Amino acid sequence: MNRYVYDVLIAGGGPAGCASALRLANAGLRVALLDKASFPRDKICGDALSVDVLNQLPILSQTLAQRMESSAEKTHSYGVRIISPGGHRMDIPFIHKGENRYGYICQRTHFDNLLFSQVKQSAKIDTYENCLIQKAENAQDRVMLYSNIGVFEGQMVIGADGAHSIIGKQLAHLQMERPHHSAGLRLYYEGVEHFHPQNFIELYFFREILPGYLWIFPLPGNKANVGIGMLSSSIAAKKLNLKHILQQLLDTHPLLKERFQKARPLESIKGFGLPLGSKKRAISGERFVLTGDAASLIDPFTGEGIGNAIRSGRVAAEHCIACFKQNTFSASFNKQYDNEIYRRMWNELSISRSLQNLCRYPWLFNFLLKKASTNAYLQQFFTDALADVNTKRLLTQPSFYYRLLFNK
């Protein structure tokens, strides 16, 4: 069996793994990036790249940011349209630091391949595709990854291998927890009609799927990413068939059926899991750290995970550099990684968890959006809340709703 020896092993070539690799490229370490697939490959997702994602790309690589900006495989989106259970609508533009901004909708097939190809261009990172990790274990003075192409040895491993992470299962002993996990479905369409002129992404909070939503995101070439996500514990408790619900809503709901009359599905419905960042977990241990979906860093309210995946990949790389400087890879030292991740992310993740819980009350959602349709202050508030976590926190405070009820 082939044997490969490195300083750092990165399991997974998605956004988190590529972010780690790009940061480690000039650290003077021997680094290998392993992925079970061959790129380009599909990744089931909503395909929305937030302003946060775009802000981080030049931190990874100016060349990467420029390649993304010049790519034709994306649609500019300038805001989000939210529809309440009662059909009330609110449009919120993307504003960052007082300026109008935009995100992208880009199929993960293209976006992830752009990231991975940037890593492959580096002579300082070895990439291994079609490399399926079957077993991970700690030896006395190294970490071992057993794969279909051989055994990889390293001093540290960065687990960036997604929602079904082998590193997470076998080294961190993490398990799926339904109250902190969502199930999602995705279906590509062409010919969906009547998008917002500025390609706002659309989130429909229908009563049938709370706490969760149906999304419609415009893509280049008259295509759209259409999907649905819902908390796994609610699906199990209500014994729901998400595929049936998705198709029924598209076919019969008054807000959707006319828009989909001439639309054509381009694939069968694909399912995926979203481990949510709605609780703190141990995301490191002896000779390993977890990133992105493997570390359950998906926003509980929006379901967005790419921004936190990239950010955690960057933090993981910095932490690995510190490990080698200190020549220590212990679980106690690696706990600093957990602390830094949650220092940066827990404030927003915990607020999103509270907002997810508020979605269980359709009357509250209807009240807010109905009020916002005639209230300029509230419209500005939601615009600010989309960009600022401290403003968003007010949505979880009873005093906020008291003022809305009793002040005109």
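Residues numbered from 1 in each chain as written. Predicted model: local features only at pLDDT ≥ 70, side-chain atom pairs only at ≥ 80, totals over all residues. Heavy atoms only, no water.

1. Regarding the side chain of Arg311
Link 1 in the chain: Assignment of secondary structure puts Arg311 in helix H8 (residues 306–326).
Link 2 in the chain: Given the relative accessible area of 17%, Arg311 is considered buried.
Link 3 in the chain: With sequence-adjacent residues up to four places away left out, Arg311 is seen in contact with Asp52, Gln56, Arg344 and Met345. (Helix = DSSP H or I, 4+ residues; strand = E, 2+ residues; numbered from the N terminus. Buried < 20%, exposed > 50% of the residue type's maximum accessible area, 1.4 Å probe, protein only. Contact = heavy atoms within 4.5 Å.)

2. Overview of the sheet that holds strand S13 (residues 143–147)
Link 1 in the chain: Spatial ordering of the open sheet is given by S1-S14-S13-S12, a layout of 4 strands whose pairing is mixed. Looking along the sheet, the strands with just one partner apiece sit at the ends: strand S1 (3–5) and strand S12 (133–138). Sheet twist, expressed as the average angle between the axes of neighbouring strands with direction ignored, equals 20°.
Link 2 in the chain: Note that S1 and strand S14 (residues 150–154) share 3 bridges and pair parallel. Residue pairing across strands places Val5 opposite Glu153, the latter belonging to S14. (Pairing = 2+ DSSP bridges. Axes fitted to C-alpha atoms, helices over the stretch in contact; angles between N-to-C directions.)

3. Quick notes on the pattern of salt bridges
Link 1 in the chain: Enumeration according to the criterion identifies 21 salt bridges in this entry.
Link 2 in the chain: Between Asp52 and Arg311 there is a salt bridge, with its nearest N and O atoms 2.6 Å apart. Placement of the pair is Asp52 in helix H2 (residues 51–60) and Arg311 in helix H8, with a sequence separation of 259 residues.
Link 3 in the chain: Note on Asp52: relative accessible area 26%, which makes it partly exposed.
Link 4 in the chain: A salt bridge links Lys335 to Asp338; the shortest N-O distance between them is 3.9 Å. Of this pair, Lys335 and Asp338 are both found in helix H9 (residues 331–358), 3 residues apart, which corresponds to roughly one turn of the helix.
Link 5 in the chain: By sharing partners, the salt bridges in this structure join Arg3, Asp141, Arg142 and Glu153 into a single network. (Salt bridge = Lys/Arg side-chain N within 4 Å of Asp/Glu carboxyl O.)

4. Points about unusual backbone geometry
Link 1 in the chain: For the bond running from Phe39 to Pro40, omega is 0°, close enough to zero to count as cis.
Link 2 in the chain: With respect to the helices and strands, the residue Pro40 is situated in the loop between strand S3 (31–34) and strand S4 (48–49).
Link 3 in the chain: With a phi close to 60°, His173 is a non-glycine residue in the positive phi region.
Link 4 in the chain: You can see His173 is positioned in the loop between helix H5 (166–170) and strand S16 (181–190).
Link 5 in the chain: Residue class for His173 comes out exposed when judged on its relative accessible area of 60%.
Link 6 in the chain: The phi dihedral of Asn222 falls on the positive side, at around 65°, and the residue is not glycine.
Link 7 in the chain: Mapped onto the fold, Asn222 is located in the loop between strand S18 (212–219) and strand S19 (223–231).

5. Brief notes about helix H7 (residues 242–252)
Link 1 in the chain: Taken residue by residue, H7 has Leu242, Ile245, Leu246, Leu249 and Leu250 as its buried positions. An end-on view of H7 places all buried positions within 125° of arc, on one side of the element.
Link 2 in the chain: Residues of H7 that are buried sit in contact with S16, S18, S19 and helix H6 (232–238).
Link 3 in the chain: Two or three places before Lys243, at the start of H7, stands the capping residue Asn241, its side-chain oxygen 3.1 Å from that residue's backbone nitrogen. (Arc of directions from axis to C-beta. Polar contact = N/O pair within 3.5 Å; in protein donor to acceptor, adjacent residues only side chain to side chain.)

6. A few points about the side chain of Ser296
Link 1 in the chain: Here Ser296 lies in the loop between strand S23 (288–290) and H8.
Link 2 in the chain: Judged by relative accessible area, Ser296 falls into the buried class, the value being 7%.
Link 3 in the chain: Residue contacts for Ser296: discarding those within four places in its chain leaves Pro275, Leu276, Gly277 and Arg281.

7. Observations concerning the packing of aromatic side chains
Link 1 in the chain: This structure, assessed with the given rule, holds 18 aromatic pairs.
Link 2 in the chain: Between Tyr204 and Phe206, the aromatic rings sit 5.5 Å apart at their centres with planes inclined by 25°, giving stacked as the arrangement.
Link 3 in the chain: Judged by its relative accessible area of 4%, Tyr204 is buried.
Link 4 in the chain: Given a relative accessible area of 1%, Phe206 falls into the buried group.
Link 5 in the chain: Taken together through their ring pairs, the aromatic side chains of Phe205, Tyr213, Trp215, Phe217, Phe301 and Phe365 make up a single cluster. (Phe/Tyr/Trp six-rings, centres within 6.5 Å; stacked < 30°, edge-to-face > 60°.)

8. A look at the sheet that holds strand S10 (residues 103–105)
Link 1 in the chain: Ordered in space as S4-S10-S5, the 3 strands form an open sheet in which the pairing is antiparallel. What marks the edges here is a single partner per strand, and that holds for S4 and strand S5 (75–77).

9. Here's the deal with the packing of helix H3 (residues 62–70) against helix H4 (residues 108–120)
Link 1 in the chain: Two elements in contact, H3 and H4, have axes whose closest approach is 11 Å; the angle formed by their N-to-C orientations is 150°. If you check the angle between H3 and H4, you find them roughly antiparallel. Along this stretch, H3 crosses H4, giving a crossing that reads as right-handed. Contact residues: Thr63, Leu64, Arg67 and Met68 in H3; Phe111, Leu114, Leu115, Ser117 and Gln118 in H4.
Link 2 in the chain: Here the contact of H3 with H4 is composed, by residue class, of 5 nonpolar, 3 polar and 1 charged. (Parallel < 35°, antiparallel > 145°, perpendicular 65-115°, else oblique. Left-handed = near helix turned anticlockwise from the far one by under 90°. Nonpolar A, V, L, I, M, F, W, Y, C, P; charged D, E, K, R; others polar.)

10. Observations concerning the nonpolar core
Link 1 in the chain: Among the nonpolar cores identified, the biggest contains 72 residues, and Ile10, Leu24, Leu57, Phe111, Leu145, Phe152 and Ile167 are the most heavily contacted of them.
Link 2 in the chain: Of the residues forming this core, the biggest block, 9 residues, is contributed by H8.
Link 3 in the chain: Sequence-distant contacts of Ile167, defined by excluding residues within four places in its chain, comprise Ala11, Ala136, Leu145, Val157, Gly159, Asp161, Ala172, Phe288 and Leu290.
Link 4 in the chain: Membership of the second largest hydrophobic core comes to 39 residues, among which are Val80, Leu203, Leu364 and Leu368. (Core = buried A, V, L, I, M, F, W, Y, C linked by side-chain atoms within 4.5 Å.)

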